[in-house]
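Now for the letters of each chain:
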Amino acid sequence: MKLEMKNNQAPNINDEMIASIVSLAATGVNGVARISLRITDEIMDKLYLASTIKGVKIARDPEGLLIWVYVITEPGVDIIKVSKAIQKK
């Protein structure tokens, strides 16, 4: 989705804000039990006092953003349907 701005200026949105939005959106999908805590998140929390958005990884690419969301689903759900719902949301 392209956002049109006056004076052709892109909005200044940092990765932490995006990760927060992604995390909230993913947890709102039926079948998602919670966002997963990755091992690297646990290590980073021990090394640094700053809070991180657990279970969401963001990388910038020339064509846009790459976003990984690590979730734990509820038992018995169709993982493919839940994954597609997360992507759509």
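Residues numbered from 1 in each chain as written. Predicted model: local features only at pLDDT ≥ 70, side-chain atom pairs only at ≥ 80, totals over all residues. Heavy atoms only, no water.

## A closer look at the packing of aromatic side chains
Applying the stated rule across the entire model yields 0 aromatic pairs. Above the plane of the ring of Trp-68 lies Lys-57, whose end atom (NZ or CZ) is 4.7 Å from the centre. (Phe/Tyr/Trp six-rings, centres within 6.5 Å; stacked < 30°, edge-to-face > 60°. Lys NZ or Arg CZ within 6 Å of the ring centre and 35° of its normal.)

## Description of a nonpolar patch on the surface
Together, Leu-66, Trp-68 and Tyr-70 make up an exposed nonpolar region whose accessible area comes to about 260 Å². Take Tyr-70: it is sitting in the loop between strand E3 (64-69) and strand E4 (71-73). (Patch = residues over 30% accessible without salt bridge, like charges linked within 9 Å, V, L, I, M, F, W, Y side chains within 5 Å. Areas by Shrake-Rupley, 256 points an atom, 1.4 Å probe, with all protein chains shown as cover. Salt bridge = Lys/Arg side-chain N within 4 Å of Asp/Glu carboxyl O. Helix = DSSP H or I, 4+ residues; strand = E, 2+ residues; numbered from the N terminus.)

## Considerations on the pairing of strand E2 (residues 56-61)
When E2 meets E3, the two strands line up antiparallel, connected through 6 bridges. Paired with Lys-57 across the bridge in E3 is Trp-68. What sits between the antiparallel neighbours E2 and E3 is a turn of 2 residues. (Pairing = 2+ DSSP bridges.)

## With respect to the nonpolar core
In terms of nonpolar packing, the biggest core is built from 6 residues, these being Ala-26, Val-29, Val-32, Ile-35, Val-82 and Ile-86. Residues Ile-18, Val-22, Val-56 and Ile-58 belong to the second largest nonpolar core, which totals 5 residues. (Core = buried A, V, L, I, M, F, W, Y, C linked by side-chain atoms within 4.5 Å. Buried < 20%, exposed > 50% of the residue type's maximum accessible area, 1.4 Å probe, protein only.)

## As for the environment of Gly-31
Tracing the backbone shows Gly-31 in the loop between helix H1 (15-27) and strand E1 (32-35). By relative accessible area, Gly-31 is classed as buried at 9%. Residues Gly-31 and Ile-72, spaced 41 residues apart in sequence, show a C-alpha to C-alpha distance of 8.8 Å. Residues contacting Gly-31, with those up to four places away along its chain left out, are Thr-73, Glu-74, Val-77 and Val-82. (Contact = heavy atoms within 4.5 Å.)

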